[in-house]
Every structure is written in C-alpha cells, then in structure tokens.
Protein chains: 2
Amino acid sequence: MITWLIIATVAATTANTPNKAPTASEVLLKATNQDWRKVDQDQVLYMDLAQGRVVMELHPQMAPEHIKNVKKLAREKYWDGLAIVRAQDNYVVQWGDPHADDKKLKKSIKTAKDTLVAEFDRSISSLIPFTVLADQDTYAPEVGFSLGFPVGRDPSQKKMWLAHCYGALGVGRNVPMDSGGGAELYVVIGHAPRHLDRNVTVIGRVLKGIEYLSTLPRGTGALGFYEKPEQRVVIQSIRVGTNVPTKDRMELEMLKTDSKIFAELIEARKNRSEEWFHYQAGHADVCNIPVPVRERARD
Amino acid sequence: MITWLIIATVAATTANTPNKAPTASEVLLKATNQDWRKVDQDQVLYMDLAQGRVVMELHPQMAPEHIKNVKKLAREKYWDGLAIVRAQDNYVVQWGDPHADDKKLKKSIKTAKDTLVAEFDRSISSLIPFTVLADQDTYAPEVGFSLGFPVGRDPSQKKMWLAHCYGALGVGRNVPMDSGGGAELYVVIGHAPRHLDRNVTVIGRVLKGIEYLSTLPRGTGALGFYEKPEQRVVIQSIRVGTNVPTKDRMELEMLKTDSKIFAELIEARKNRSEEWFHYQAGHADVCNIPVPVRERARD
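Note that the structure is predicted; figures quoted are calculated from it, not measured.

### Quick word on the pattern of salt bridges
Link 1 in the chain: With the rule as written, the count across this model stands at 40 salt bridges over all chains.
Link 2 in the chain: Between glutamate 264 of chain B and lysine 260 of chain B there is a salt bridge, with the nearest N and O atoms lying 2.9 Å from each other. Taken together, the positions of glutamate 264 of chain B and lysine 260 of chain B, both in helix α5 (residues 260-270) and four residues apart, correspond to about one turn of that helix.
Link 3 in the chain: Overall, the relative accessible area of 65% leaves lysine 260 of chain B in the exposed class.
Link 4 in the chain: The network of salt bridges with shared partners includes Glu251, Glu253, Arg294 and Arg296 of chain A.

Structure (structure tokens):
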C-alpha cells in the first residue's frame, strides 16, 4: 500500500535524527498542559444526528449578539425535529426550518429574536486575542488566529473577522444584511469560500464530527437544497454544552494559538521536514493550518 | 427558506439593471460556442462505481509519461475490481490495489510500468498555454490557468505545475520521489492542500461526479484508510474515453481559460455584483474560481 503521506510514523522514526527541523507531530509532543486551553462548555454546541454528534465551538467575542441568540434558540430547543435542508458539494451544509417561508407551517421562535443587526466584523481591540500569520493571503491584508479560530484583519480599517475556512459556522441570511438571526446556520464543507468573509456573521467552527456533515448526500436542487422532504436529515437536538449532563459532554482542549508551541507548529506546516516531502512550500495558508484539538482526560 | 447565496435567480432579476457589473451567470450567458473547448475523449478517464460515474480530464502536457502510463493501466483494465481504499476528511480519496504490498496477492501490472521518474513540475514553455491570475497567492510566485487547469508557476525557476485544488487528480507515491507510477491515484476532496504542490505528480482533475467521492464514508484508520476490507469501495472499471462506446461517453465542453469571457468571469468572481453581496473581496484564490464545464449537445 502506497501511503504517500505519512505523519505519525515518520515522526516516530525521525525523532532522533540530529539537526533536523521538527515535524508537526514532534512539536506537539513537546506541548505541556499549559499549552492547551479547556474548551468552555458554555461556548459549545452539540448537534445530534442519527449519523453522530457534531461538536461546535463559538467564538465568545466575535459576534456576541448572534451567539447569545443562537444559545437562546438551542435552549428553547428550536432546532429539535428541524432538519439539514441543503448540502452543496465543495461549499456548505445548511440547516434550519424547512418551512421557514410558510407562515402557517413554520416553527415559531419563542425566546430568541428572528433577526439581528449583522456582525460581519469587529473592531480590532487588544481585548480580542490575535496571533499574526506572517504569510501573505489572497483575500485579507493580514490573517492569523484568535483563540484557535482563523481570522482575517484589515489594520487600515481597524477591523477583524472570522474567516470562512473548512468547518466555519455561519449565520444564513437573505439579501438584506440584517435578515439573519441564527435560526438558519451553515458549515463550510469544501475549499474555503473566503469571498463570503465580511458578508456573513460567522460565529464559530466545528471541532469534532464534521464528517457527519461533509459526507451527507448532496442535494440535487439549486444550490444543493434537498428536493424531497424525505431527503432532509432530521436534527435530533442542538444543545449548549452547559445544558448537557456532564457525563454526556465531550470535554475538549485546544492548543493555544498564542503559544510558542503553536508558532513552532506553523513553522512545521510551512516547511515540512517529514522525509516524504522533497519540496518545502515555505508558506502556509491560514485555512491549511488545523489547530490541534484533543479530548481531555476527566478531572 | 433563507437561501443566503443566490446566483442563478439574482442573475435573472438583475440582468436589466443598468451600469451594474455583470455577475458570473450573466458573463456566461454571453459566451459563444467559440469560447468553449471540446474535452478530448483521449484525455478523459471514466471511473464507474456503484454510486455513479466520476469523469476526469488529464492535462495533455503536464505529466506526459505518467499520463501515458495511466492510460495503459486503464486499457489493461488494471483497476477493474480494485478499490477505493482511503477517504480522509478534508483531504483526499485514494484508490488502487488493497494488496499492493503483498507480493502474492497483488494484481500484476501487465503492459504499464510500476514506477516512473517523477513529473512534479514542467519547464515553462510557450507551448503550454498559461493565463495569469493577477491575485497574489500564498504558495506560488504566480498562479493562473492552463487549458482549464489551475496551475502555479515560478518564473525565476522557469517551472510550472498543476496546483492541488479541489478535484485535483494526483499520483500516489511512497517516500522516494520516483516511487509512483499511477497505479495508486488520489483526488483532493477538501481545502486545497497546496503544500503537496511539486511533491506529487498531478495529472488532471475531476470534471463531473466528484460528489461520488466526496461523500464516501471516511476511513477510521490512520490517514483515513478503511480498516476493514468490506468498507472499501469497489471500482467497477476505469476507462479512457476513446475506449468507451460513443453512446456511453459524456461529451463535455470547458470554457476556454484563455478567452476574454473567462477573464470577465474572474472579475465577476473577485467582485461579486449579485445583490446578496455587501462586501466585495476584490480578489480571488486560484482554487476558488471553478472553470465552467457543460454537457455538449450531440453532433
């Protein structure tokens, strides 16, 4: 079997080679507990499907009103029994109320708001962590990471925003900017559609279980919508982590993106020292640097 | 239903708006038959799975020895009955002989070669068409399109190569550069892994049916390999287009990437004039500009 891309095994065999730049696996082995941050269950959404569980994390500072509203929707069990209505190849999977446009059939929103003022970007602030990636980016003047999330920034406009990388969780909207509220959400399942940056309120990203979304049959309607009701994927429930019994939570940790270890990891991604690589790219795309996530040992 | 990204319908409703930059859909409506090139059936591979048919096109000039060998493999029906052995989320689907490492069980290659000298890149030549994309790229000094394929170039080294965008078709190899021959192939099903550029011989890309690969269950073994034989996806056949009865071929046309229409299409992708967009990116990633493909009317 030709494996053609070997990370774990090469790390094991080259760990003792002197004067060789470390691989990503080798860098990670050096991380101590202080290099990991515990994912806050109050910023976690669990989406349960027949296929499995999708775990998403919300950025606590980038879209505060939308995140507050999305948590309200989860707490009023708005999505329970609703469905994934769209799966467009190399683009997005989207869920919400299949009858959202039908005043009679649509599920009413009880405690949350229907729509909100858009939060496409935020003012750059020292209160919002940011670690710059030195590489040039096609779309943004500056890119990097904030609390483990890939972000774009425009220092001249003093703005920053969550970038549409694989796994990004965004708020569907209609043509008007302020027509979304969080009832309709989508996840990126293909090449980063960065042209959506600053056109949508992005609230978080998938940490675990994205394969339950990315492998869904593609919809055959326009934009990948499912044409028949029976093709839709029923959402069993979406819950905020703190509303899930402790025993049923997935306790996760994420490598701190403002750590020295993460800076080394970026270097290992830019210039891959695994024996398999003959050409070093010297660069890395912000959407091609996965932030390590691990399950946490129970206290 | 909040659709939040509307191409076709907006094109229809805004076509008469004066002084508005055309949308991608509007640009395409202007294309004449001269703007499309017929896909050469001698450069097409059909992969038939129980799920459906995947149609791939080979770049005739970028990896001539590998392409010659891959066609030989198809013509000796090498892959018939072999399998997709790997599906790694946000990365690749890979196929070949599950018993390639077992001298007794492996399928013998009859007319083709087992391995070839790597063709990771080619010398820039006026004989190989190239249309530059003005946008800066994270990985390559220069990017653009050649015969509909996204490519990277380094003018200082006088080299060009096929870029690992979504749908790229590459040749699996082991650690040595010259250890691949085409018997093991893979397709990119996630965010462009551009760090693989110039590390692998890329021979083409998927034109139709990639959803039959991108929705396959992900393998749970290391690197997404299927752990159990019954999880593998059997390949019914892989054929070169010219060896398929005319009635069973899919006749395709691709928009010429050296056409004025394609240049306009790039502009429409950089600055989206659809009413839905409130922020114009002003840029486009070479892997985020799909080259239009259409089924051809029969002669």
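Right, picking up where we left off after that structure.
### Comments concerning the sheet that holds strand β15 (residues 252-255) of chain A
Either a parallel or an antiparallel arrangement is found when strands of a sheet pair, and the pairing is made through backbone hydrogen bonds.
Residue and element names in this part refer to chain A.
Link 1 in the chain: Read across the open sheet, the three strands follow the order β1-β15-β16; overall the sheet is antiparallel. In this open sheet, the two strands that pair with only one neighbour each are β1 (36-38) and β16 (293-295). Pairs of neighbouring strands in the sheet enclose a mean axial angle of 30°, with direction left out of account.
Link 2 in the chain: Taken together, the three bridges between β15 and β16 define a ladder with antiparallel strand orientation. Following the sheet pairing, glutamate 253 is matched in β16 by arginine 294.

### Structural notes on unusual backbone geometry
Link 1 in the chain: Despite not being glycine, arginine 198 of chain A shows a phi value in the positive range, around 70°.
Link 2 in the chain: Tracing the chain through its elements places arginine 198 of chain A in the loop between β12 (185-188) and β13 (201-208).
Link 3 in the chain: In this structure, lysine 77 of chain B is a non-glycine residue whose phi angle is positive, near 55°.
Link 4 in the chain: By secondary structure assignment, the location of lysine 77 of chain B is in the loop between α3 (64-75) and β4 (83-87).
Link 5 in the chain: Taking relative accessible area as the criterion, lysine 77 of chain B reaches 45% and is therefore assigned partly exposed.

### A word on the interface of chain A and chain B
Link 1 in the chain: Between chain A and chain B, the residue contacts involve 63 residues of the former and 63 residues of the latter.
Link 2 in the chain: Summed over both sides, the interface between chain A and chain B buries roughly 5900 Å², with carbon and sulfur atoms accounting for 58% of that surface.
Link 3 in the chain: Applying the counting criterion to the chain A and chain B interface returns zero salt bridges.
Link 4 in the chain: Here chain A is connected to chain B by 31 residue pairs in polar contact (both at pLDDT 80 or more).
Link 5 in the chain: Elements represented by at least two residues in the side of chain A that touches chain B include exactly β4 (83-87), β5 (92-96) and α4 (211-214) of chain A.
Link 6 in the chain: Here the side of chain A that touches chain B is built from residues that sort into 31 nonpolar, 16 polar and 16 charged.

### Regarding the environment of alanine 21 of chain B
Residue and element names in this part refer to chain B.
Link 1 in the chain: Note that alanine 21 resides in the loop between α1 (8-14) and α2 (24-29).
Link 2 in the chain: Assessed through its relative accessible area of 44%, alanine 21 is described here as partly exposed.
Link 3 in the chain: Separated by 91 residues in sequence, alanine 21 and alanine 112 place their C-alpha atoms 51 Å apart.
Link 4 in the chain: Excluding its chain neighbours within four sequence positions, the residues that come into contact with alanine 21 are Glu26 and Ser273.

### A look at the environment of tyrosine 226 of chain B
Residues and elements named next belong to chain B.
Link 1 in the chain: With respect to the secondary-structure elements, tyrosine 226 resides in the loop between α4 (211-214) and β14 (233-234).
Link 2 in the chain: With a relative accessible area of 8%, tyrosine 226 lands in the buried category.
Link 3 in the chain: The spacing of tyrosine 226 and tyrosine 46 is 180 residues in sequence and 23 Å in space, taken between C-alpha atoms.
Link 4 in the chain: Apart from the residues lying within four places of it in its own chain, the contact partners of tyrosine 226 are Ile84, Val85, Arg86, Ala87, Leu216, Pro217, Arg218, Gly219, Gln231, Arg232 and Val233.

### Here we look at the pairing of strand β10 (residues 159-162) of chain A
Residues and elements named next belong to chain A.
Link 1 in the chain: The sheet contact formed by strand β6 (residues 122-123) and β10 spans two bridges and is antiparallel. If you follow arginine 122 over to β10, its bridge partner there is methionine 160.
Link 2 in the chain: With four bridges connecting them, strand β9 (residues 149-154) and β10 associate as antiparallel partners. For arginine 153, the partnering residue across the bridge sits in β10 and is methionine 160.

### Topic: the state of the cysteines
Note on terminology: disulfide describes a covalent bond linking the sulfur atoms of two cysteines.
Residue and element names in this part refer to chain A.
Link 1 in the chain: Evaluated as defined, the whole model comprises two disulfides over all chains.
Link 2 in the chain: A sulfur-sulfur distance of 2.0 Å marks the disulfide that ties cysteine 165 to cysteine 287. On the sign convention where negative means left-handed, the S-S torsion of about -70° between cysteine 165 and cysteine 287 marks this disulfide as left-handed. Of this pair, cysteine 165 sits in the loop between β10 and β11 (168-171) while cysteine 287 is found in the loop between α5 (260-270) and β16, placing the two residues 122 residues apart along the sequence.

### Quick look at α5 of chain A
Link 1 in the chain: Within α5 of chain A, the full set of buried residues consists of Ile261, Phe262, Leu265, Ile266, Ala268, Arg269 and Lys270 of chain A.
Link 2 in the chain: Those residues of α5 of chain A that are buried are in contact with α2 (24-29), β7 (131-133), β8 (142-146) and β15 of chain A.

### Section: the packing of aromatic side chains
The geometry of an aromatic ring pair comes down to the distance between the two centres and the angle between the two planes.
Link 1 in the chain: Scanning the model with the defined rule gives six aromatic pairs over all chains in all.
Link 2 in the chain: Relative to phenylalanine 277 of chain A, the ring of tryptophan 276 of chain A lies with its centre 4.9 Å away and its plane at 80°, an arrangement referred to as edge-to-face.
Link 3 in the chain: Judged by relative accessible area, which is 0%, tryptophan 276 of chain A ranks as buried.
Link 4 in the chain: The side chain of arginine 173 of chain B reaches across the aromatic face of tryptophan 276 of chain A, ending 3.8 Å from its centre.

### Quick look at helix α3 (residues 64-75) of chain A
Residues and elements named next belong to chain A.
Link 1 in the chain: A rise of 1.5 Å per residue sets the reference length of α3, with its twelve residues, at 16 Å; its end C-alpha atoms lie 16 Å apart and thus fit the reference within 8%.
Link 2 in the chain: Those residues of α3 not exposed but buried are His66, Ile67, Asn69, Val70, Lys71, Leu73 and Ala74.
Link 3 in the chain: Elements in contact with the buried residues of α3: β2 (44-49), β3 (52-58), β11, β12, β13 and β14 (233-240).
Link 4 in the chain: Immediately beyond the C-terminal end of α3, within one or two residues, lies lysine 77, with a positive phi of roughly 55°.

Conventions we followed
- Residues numbered from 1 in each chain as written.
- Chains lettered and ligands numbered in written order.
- Predicted model: local features only at pLDDT ≥ 70, side-chain atom pairs only at ≥ 80, totals over all residues.
- Heavy atoms only, no water.
- Salt bridge = Lys/Arg side-chain N within 4 Å of Asp/Glu carboxyl O.
- Helix = DSSP H or I, 4+ residues; strand = E, 2+ residues; numbered from the N terminus.
- Buried < 20%, exposed > 50% of the residue type's maximum accessible area, 1.4 Å probe, protein only.
- Pairing = 2+ DSSP bridges.
- Axes fitted to C-alpha atoms, helices over the stretch in contact; angles between N-to-C directions.
- Contact = heavy atoms within 4.5 Å.
- Buried area = accessible area lost by both parts, 1.4 Å probe.
- Polar contact = N/O pair within 3.5 Å; in protein donor to acceptor, adjacent residues only side chain to side chain.
- Nonpolar A, V, L, I, M, F, W, Y, C, P; charged D, E, K, R; others polar.
- Disulfide = S-S within 2.5 Å.
- Phe/Tyr/Trp six-rings, centres within 6.5 Å; stacked < 30°, edge-to-face > 60°.
- Lys NZ or Arg CZ within 6 Å of the ring centre and 35° of its normal.
- Expected span 1.5 Å × (residues − 1).

Just geometry here; none of it tells us what the structure is for.
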